[in-house]
Amino acid sequence: MEDITIAVVALAAVLLFFLYQKPKTKRYKLPPGPTPLPVIGNLFQLEKLNPQRFFAGWAKKYGPIFSYKIGKKTMMVISSAELAKELLKTQDVNFADRPQHYGHEFISYGRRDMALNHYTPYYREMRKMGMNHLFSPVRVATFKHVREEEARRLIYKIDKAAEKSEVVDISELMLTFTNSVVCRQAFGKKYNEEGEEMKRFITILYGTQSVLGKIFFCDFFPFCGFLDDLSGLTAYMKDCFVRQDTYLQEVINEAVDPKRAKPETESMIDLLMEIYKEQPFNYEFTVDNVKAIVMDIVVAGTDTAAAAVVWGMTYLMKYPHVLKKAQAEIREYMRDRGSTFITEDDVKNLTYFKALVKETLRIEPVIPLLIPRACIQDTKIAGYDIPAGTTVNVNAWAVSRDEKEWGPNPDEFRPERFLEKDVDFKGTDYEFIPFGSGRRMCPGMRLGAAMLEVPYANLLLNYNFRLPDGMKPDEINMDVMTGLAMHKSQHLKLVPEKFKMY
Ligand code: HEM
């Protein structure tokens, strides 16, 4: 009954919206794309499952730049390296904004963060501060011991399972690893993994992440905002926000408590609170800025590295010769070193493994559609008009399969590509942009890479893995779970066998 009421009200609202449309004054030659239905556009043609693959399918049909509509809004997707360069380099400033999104606005304290902020002078100050302090090479190095300690804990847990030949859930283990690292880096907190506080943190994190991924009617159908209320989405978002805010306020209270014991390493929240006290910017830096930026770090830092290692291990199960080659390199190197734990310094000397990390991020960039950009002023790309306000996604997944750049078999998992071709993810090689590029490129790239390399390399050093229950590699489900970072939707479960080096 409730559904029918919502549908009737929606229809009425949509008709009202339609009636109040002003006649268009300007004609644009938009990039090609599927024909939109009146009022709703292409909303119901979009597939939720594996959007990066779905959009790559549309790119095959309509070309490397295509547009579609949701309601009145023009959306655009770029799918080739050449056009990615045009957008992220040549026209970077004009596409450095983020689109309207009610959930993003609300959960980020009115865009007081970095990732979701509009491209304003205020944002540029936040970003500069982030690059100089939070994400600087010195700061990344400060937390090296945290990442290595947590990787040792991960190995210890798998050792226990290996003794009994038990199945381990690699997805779960990797998420616990990244959650623990992120809590220690961001808050200076070491949680008991099974404890209530960790569970509370994870629930809050999932809530925030889910709000970031929701589609709000009000963003696309200005007269239909009440549908977000009717469907319960607004209440859900507010509830997630209150829980997030209560938690962050508690963490801040602890950080500024004069009775608190001095932490071994200054956490990111400590650093942000110092900035808050000093007020070094032209704009006021508020406690809401601290909360919003910390939430960026937490959201961006947990899922991404975990998802990357899980995808890597998944492909290695499908490509055993790559696994063997990577293990041979790592094991030989570590035998000479006389150690069974790979540190961040060791990783620098593992050429094939470094290529494997790149190939992992090429074949499944974990934020495959990057974070959407918004066009600031009317412009042209590839001869098409791009009106101001257009939402643009760069399909990094499709770009890293651009045959012009990667040759005829881009779906093959082959780290050797990166030994044959000098390409890096630092944002200047447009055929490989897992961290994006340009003004909105991931500022946490160094930290992200550090967070995934050590656990990944230690898994390969310490165990030979097999799939459980006679499962065959081609039976592994490769669907992604949609969200900001796209995880493998089904957890990867493997049986570890301890590798004895001596
Ligand atoms: C493997 C790990 C990671 C990957 C693959 C990744 C990828 C990305 C991508 C694709 C973007 C969007 C770039 C664009 O719009 O062009 C991004 C933005 C961002 N990332 Fe990362 N990221 C990772 C780890 C991290 C970590 C560890 C942090 C923080 C601790 C972080 C913080 C951010 C922030 C704040 C932004 C928004 C930047 C802005 O809008 O100015 N990321 N990341």
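Parameters and conventions
- Residues numbered from 1 in each chain as written.
- Predicted model: local features only at pLDDT ≥ 70, side-chain atom pairs only at ≥ 80, totals over all residues.
- Heavy atoms only, no water.
- Pairing = 2+ DSSP bridges.
- Helix = DSSP H or I, 4+ residues; strand = E, 2+ residues; numbered from the N terminus.
- Contact = heavy atoms within 4.5 Å.
- Axes fitted to C-alpha atoms, helices over the stretch in contact; angles between N-to-C directions.
- Expected span 1.5 Å × (residues − 1).
- Buried < 20%, exposed > 50% of the residue type's maximum accessible area, 1.4 Å probe, protein only.
- Polar contact = N/O pair within 3.5 Å; in protein donor to acceptor, adjacent residues only side chain to side chain.
- Core = buried A, V, L, I, M, F, W, Y, C linked by side-chain atoms within 4.5 Å.
- Salt bridge = Lys/Arg side-chain N within 4 Å of Asp/Glu carboxyl O.
- Donors = N, O, S within 2.8 Å, 3.2 Å for Na, K, Ca; no water.
- Near = heavy atom within 4 Å.
- Nonpolar A, V, L, I, M, F, W, Y, C, P; charged D, E, K, R; others polar.

Student: An account of the sheet that holds strand β3 (residues 168-169) is needed here, citing residue identities and associated values.
Tutor: Here 3 strands make up an open sheet; going across it, the order is β3-β11-β8 and the pairing antiparallel. The open sheet has two free edges, formed respectively by β3 and β8 (463-466), since each of these has just one partner strand. When β3 meets strand β11 (residues 493-498), the two strands line up antiparallel, connected through 2 bridges. Across the sheet, the residue bridging to V168 is L494, located in β11. Each of β8 and β11 is contacted by helix α21 (residues 445-462), which is oriented at about 90° to β8, the strand it contacts most.

Student: Before we move on, can you summarise helix α9 (residues 196-213) with the specific residues and values?
Tutor: Taking 1.5 Å of rise per residue, the 18 residues of α9 would be expected to cover 26 Å, and the 26 Å separating its terminal C-alpha atoms lies within 8% of that figure. Taken together, the buried positions of α9 are M198, F201, I204, L205, G207, T208, Q209, V211 and L212. Residues of α9 that are buried sit in contact with α4 (102-107), α8 (170-187), α12 (233-256) and α14 (287-318).

Student: Could you give me a rundown of the environment of W397, with the residues and numbers involved?
Tutor: Its location among the elements puts W397 in helix α18 (residues 396-399). In this structure, the C-alpha to C-alpha distance between W397 and P365, residues 32 residues apart in sequence, is 6.0 Å. Apart from the residues within four sequence positions on either side, W397 is in contact with Q52, R53, A56, I363, E364, P365 and P368. One polar contact links W397 to E364, side chain to side chain, over a distance of 3.4 Å.

Student: Got a sec to walk through the nonpolar core? Specific residues and values, please.
Tutor: Ranked by size, the top nonpolar core spans 141 residues in total, and within it F187, M313, F353, Y456 and L460 carry the most contacts. If one sorts the elements of this core by residue count, α14 sits on top with 19 residues. In contact with L460, other than residues within four places in its own chain, are M313, L316, L323, A326, Q327, I330, R331, F353 and L356. Among the nonpolar cores identified, the runner-up in size contains 19 residues, and M76, L87, F95 and C375 belong to it.

Student: So, the pattern of salt bridges: which residues are in play, and what are the values?
Tutor: If you walk through the whole model with that rule in mind, you get 33 salt bridges. The salt bridge partner of E105 is R111, with a shortest N-O separation of 3.0 Å. Residue class for R111 comes out buried when judged on its relative accessible area of 3%. Residue K498 is joined to D159 by a salt bridge in which the shortest nitrogen-to-oxygen separation is 2.8 Å. Taken together, the positions of K498 in strand β11 and D159 in helix α7 (residues 144-163) put the pair 339 residues apart, joining distant regions of the chain. What makes D159 partly exposed here is its relative accessible area of 21%.

Student: Break down the coordination of the iron atom of the ligand for me, citing the residues and quoting the values.
Tutor: The protein supplies the iron atom of the ligand with one donor atom, C442 (SG), which lies at 2.3 Å. Locating C442 in the fold gives a position in the loop between α20 (417-420) and α21.

Student: Tell me about the sheet that holds strand β4 (residues 373-374), and name the residues and values.
Tutor: Strand pairing in a sheet relies on backbone hydrogen bonds. The paired strands run either parallel or antiparallel. Strand order in this open sheet of 4 strands is β1-β2-β7-β4, and the pairing throughout is mixed. For this open sheet the edge positions go to β1 (65-70) and β4, each flanked by a neighbour on one side alone. Bridge count for strand β2 (residues 73-78) against strand β7 (residues 391-394) is 4 bridges, and the pairing is parallel. When the sheet's bridge partners are listed, I78 is paired in β7 with V394.

Student: Go over unusual backbone geometry, please, and point to the residues and values.
Tutor: Not every positive phi belongs to a glycine, and V39 is a case in point at roughly 65°. V39 sits in the buried class, given a relative accessible area of 17%. Here Y109, not a glycine, exhibits a phi torsion of approximately 55°, which is positive. Y109 gets classed as buried once you look at its relative accessible area, which sits at 10%.

Student: Describe the site of the ligand, naming the residues involved and giving the relevant values.
Tutor: Near the ligand there are 27 residues, and of these R98, Y123, R127, R373 and C442 occur at the shortest range. Contact distances for the ligand include 2.5 Å between an oxygen atom and a side-chain N or O atom of Y123. Measuring from an oxygen atom of the ligand, one finds a side-chain N or O atom of R440 at 3.0 Å. Elements with a minimum of two residues in the shell around the ligand: α5 (121-134), α14 and α21. The dominant element in the shell around the ligand, judged by the number of residues it contributes, is α14, at 5 residues. In the shell around the ligand, the residues fall into 16 nonpolar, 6 polar and 5 charged.

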